[in-house]
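Residue-level structural notes
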Amino acid sequence: MNRRIKILASILALQAGLAVLLHFTSRSMSAYASEERLLGLEAASLDKIVIEDGEKPALVLMKKSGMWVLPDHYGFPASKTKLDGFTKKLLGIKLSWPIATTQGAAKRFRVGEDAYEKKIVFYEGDKEIETLFIGSSPDFRKVHARVAGANDIYAVEFSAYDAGIDPNDWVDKDILRLEQSAIDRVEMPTFTLERKEGEFVVSGLKKNEETVADEASSLISKLADISFREVLGTENKPEYRQSSPALVIAATMKSGERVDYVFSQVKNEEDAFILKVSAHDYYFEVGKYDVEDLKEFKRKKLLRPHKTKS
């Protein structure tokens, strides 16, 4: 009987010891995960980022004169919002315990030197300072990751979609946008809008005419928020037919700067329209319906009979 009690007491003591060990191990894991980052980099020190998938041409992001651009995509400005989000996610990843540490596992989880989903190389000046391999996805918005030169493989919160290599996903889509409050005058083919006492009105109104404020506001909004589908470079190609425009608009800013918009339809392509904006060197592809929306604004659309006070 005494022997049995001793055995049970030993098992109980072992269980208690394991509980204590697990408790402190769990605390240690939490502390480890919260104190160290996967990448020991600072966003401000980066000058170039290269993203590869092993198949298509690499995407290159480079800092020039303090601004991020896409040097292989006509040197077009990169989206600050997207780039900030990308670096914040990656550089903010905290370390956890590795799920594997072998070369075989690196291939299996697609984070090997020659077998990976994405390879992201970070540069300071011309010096490569860190390389990260992004691999397979074990769960929604999670990927396997490994830092070059290390064997540890982690499951981290990130999406390979955020590291795409299509340059059109990285361009600054807001580059054509204007501050509505900075616009002073808009010249359309059949009328002109001028800002008077804070409101846009049609120029040359007759006594029995007044401006439809909602329509004027809608036009200014559409022009100020114009977007594009794709950057086409800086060459004016004959098929763009810019010399035979479908629509020409001019906006004059409060600063006195004039911005001209020339929309043209691509030869033999019904849905393809080109936009050249005088404030930029680039040609853009824009949507057919965006052009048609602007073309619908005619003088008659913006006018109604003047309301006289009774």
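Above this text sits the structure in question.
Treat the numbers as computed from the prediction; the structure is a model and nothing was measured.

1. A word on the overall build of the protein
Regarding its fold elements, the protein presents five helices and 18 strands. Relative to its 310 residues, the protein shows a buried fraction of 38%. When contacts within the protein are restricted to residue pairs at least 6 apart in sequence, long-range pairs at least 24 apart make up 60% of them. Of the roughly 18,400 Å² of accessible surface on the protein, a fraction of 49% belongs to carbon and sulfur atoms.

2. Considerations on the sheet that holds strand β6 (residues 127–134)
Taken in spatial order, the eight strands make up an open sheet running β4-β3-β2-β1-β5-β6-β7-β8, and their pairing is antiparallel. Here the strands that pair on one side only, and so sit at the sheet edges, are β4 (76–77) and β8 (154–157). Here helix α2 (residues 80–91) sits on the sheet and contacts β1 (48–52), β2 (59–64), β3 (67–70), β5 (118–124) and β6; the angle it forms with β1, its principal contact strand, is near 80°.

3. Focus on the pairing of strand β7 (residues 142–147)
The buried count for β7 comes to five of six residues, which makes it a mostly enclosed element. As paired elements, β6 and β7 share three bridges and run antiparallel to each other. Pairing of Leu132 across the sheet is with Val147, part of β7. Bridge count between β7 and β8: four bridges; the pairing is antiparallel. Residue pairing in the sheet places Ala145 in a bridge with Tyr154 of β8. Between the antiparallel neighbours β7 and β8 lie six residues, among them Gly149 with a positive phi of about 90°.

Cut-offs used in this document
- Residues numbered from 1 in each chain as written.
- Predicted model: local features only at pLDDT ≥ 70, side-chain atom pairs only at ≥ 80, totals over all residues.
- Heavy atoms only, no water.
- Helix = DSSP H or I, 4+ residues; strand = E, 2+ residues; numbered from the N terminus.
- Buried < 20%, exposed > 50% of the residue type's maximum accessible area, 1.4 Å probe, protein only.
- Contact = heavy atoms within 4.5 Å.
- Areas by Shrake-Rupley, 256 points an atom, 1.4 Å probe, with all protein chains shown as cover.
- Pairing = 2+ DSSP bridges.
- Axes fitted to C-alpha atoms, helices over the stretch in contact; angles between N-to-C directions.

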